[in-house]
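Chain residues, written in single-letter form:
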Amino acid sequence: MSIDYTERIPNNVDLAGDRRLQRALESWQPRFLQWWGEMGPALPTQDVYLRTAVDVGRAGWAHFDRVRLPDYRWGIFLAERDPDRRIAFGQHQGEPVWQQVPGEHRASLQRLIVVQGDTEPASVEQQRRLGLTAPSLYDLRNLFQVNVEEGRHLWAMVYLLHAYFGRSGRDEAEALLLRNSGSEDSPRILGAFNEETPDWLSFFMFTYFTDRDGKYQLGTLKESAFDPLSRTCEFMLKEEAHHMFVGTTGVDRVVERTAQLMREHDTDDIARHGGIPLPVIQKYLNFHYSVSLDLFGGETSTNVANYYSSGLKGRWQEERRGDDHVLTSAVTTIERPGGERIVSVELPALTALNHDLRTAYIGDCETGVTRWNRILDSHGITGHRLALPHVGFNRKVGAFAGCHVTPGGRVVDAATWAAGRPAWLPAPADKAHVESLMHPMYEPGKIAAWLAPPRSGINGQPLDYEYVRF
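Scoring rules and cut-offs
Residues numbered from 1 in each chain as written. Predicted model: local features only at pLDDT ≥ 70, side-chain atom pairs only at ≥ 80, totals over all residues. Heavy atoms only, no water. Helix = DSSP H or I, 4+ residues; strand = E, 2+ residues; numbered from the N terminus. Buried < 20%, exposed > 50% of the residue type's maximum accessible area, 1.4 Å probe, protein only. Lys, Arg positive; Asp, Glu negative; His and termini not counted. Salt bridge = Lys/Arg side-chain N within 4 Å of Asp/Glu carboxyl O. Polar contact = N/O pair within 3.5 Å; in protein donor to acceptor, adjacent residues only side chain to side chain. Contact = heavy atoms within 4.5 Å. Arc of directions from axis to C-beta.

**Description of the side chain of arginine 141**
With respect to the helices and strands, arginine 141 occurs in helix H4 (residues 137-164). For the buried residue arginine 141, which engages in no salt bridge, the nearest side chain bearing the opposite charge is glutamate 149, 6.5 Å off. From its side chain, arginine 141 meets the backbone oxygen of tyrosine 49 in a polar contact 2.8 Å long. Within the local environment of arginine 141, its side chain forms a polar contact with the side chain of glutamine 145, the two groups lying 2.6 Å apart. Residues within four places of arginine 141 in sequence aside, it is in contact with Val48, Tyr49, Leu50, Arg51, Phe64, His242, Ile458, Tyr467 and Val468.

**Looking at helix H12 (residues 428-436)**
The α-helix advances 3.6 residues per turn, and as a result positions three or four apart in sequence lie on the same side. Among all positions in H12, only Asp430, His433 and Val434 are buried. End-on, the buried residues of H12 take up no more than an arc of 95°, which puts them together on one face. Exposed side of H12, more than 90 degrees from the buried face: Pro428, Ala429 and Glu435 are the residues found there. In this fold, the buried residues of H12 make contact with helix H6 (200-222), helix H8 (278-294) and helix H11 (414-424).

**Quick word on the pattern of salt bridges**
In the structure shown here, the tally under the stated rule is 25 salt bridges. When the shortest N-O distance is used, the salt bridge between lysine 215 and aspartate 364 registers 2.8 Å. Here lysine 215 is found in helix H6, whereas its partner aspartate 364 is found in helix H10 (residues 353-378), with 149 residues between them in sequence. Per residue, the accessibility class of lysine 215 equals that of aspartate 364, and both read buried. Here the salt bridges share partners, and the residues they tie into one network are Asp118, Glu125, Arg179 and Arg188.

In structure tokens form, the structure reads like this:
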């Protein structure tokens, strides 16, 4: 299959000048398109008003046009290279960054790229059927934008595997299309990417909490001494911002509509009026937040400490830190179970880098909760507060795995936790109610009654613009 490497796959990595890489991608692209056809959006469309990256500049990566989804141009872009860039942390601090993979770090770098790459198609698979119940054309367009950009992020990781890791990289690129979200035989690598995303409240929570984890993971890889990986992740972060925008404003609009219905009908029980009650929103928040916390891994990790010391993976906003960027003598405090209570212990900061990253993530998540409570305040609803549950709640990974912790942070026995679970996590009746609201709204300018309209359109377009054509 012959590919025009300047038109079909926009790039700034000189694909046209690398015959070996061309042959590798010519073999991989048909398999990707087959995967997209089988596992991508299930709703057939004529075209969608999408943003397509055609260059790394502002005008390039924010280029809008109508596109048939199968014809979307999954480009490969790295941020502009800084010829003076130096390694900012670890044992190689101050040395020039690497343009090729050091042999001693080959396996570790490949693993980091594969794990990141595996998350990108997974979310497309999880969201495959959401278009069938889209609450508006605006939301449907945003779903498709997230989907195609996750596909482009897969291309970005596959480019690195093909360009720098030889046969083993090509084999891993193939495997990225063989694993599937939720598969019993070949699931995705990380647990959160095997969960279902069956409704739009789940989608908004996923794009708020789980895509926000992606932001922080990409942020650590952006610090990498392996410059092509750093530059790839720096560009990916530009697109990731939109995914979190979809989640933040999506939950905004659900909370807004819920507050409106509570005021209009003077009741908390708005399910009968076609809304999503605040306790149900809180349960969905609890679930997606706790599952996303598991993506950070255990609080302590010698592997991550080695990645840091070797220069493979830094901390969030590494160069803004005021310490020595080596951490051999630094300590930090973490929470962990201590019998029937939660205790604080002091540990070496170098082995607690997952905890450091998770702490930055939690602070970021808090901004959304504050924002949603302000919406409630604006409607005069002061008796209800949304809140992040305790970091130990509903955990499957890390120090709190297997420990029974309530959302308020109290350690309880298994029976007490099981009895409280229906009040803390989505119960079958909650899911059934949310599912009952999921009816498609495909008329321009119309929106489902369970969420408020967006405040503005996309790229200056009006809200009643035909963002998707069938």
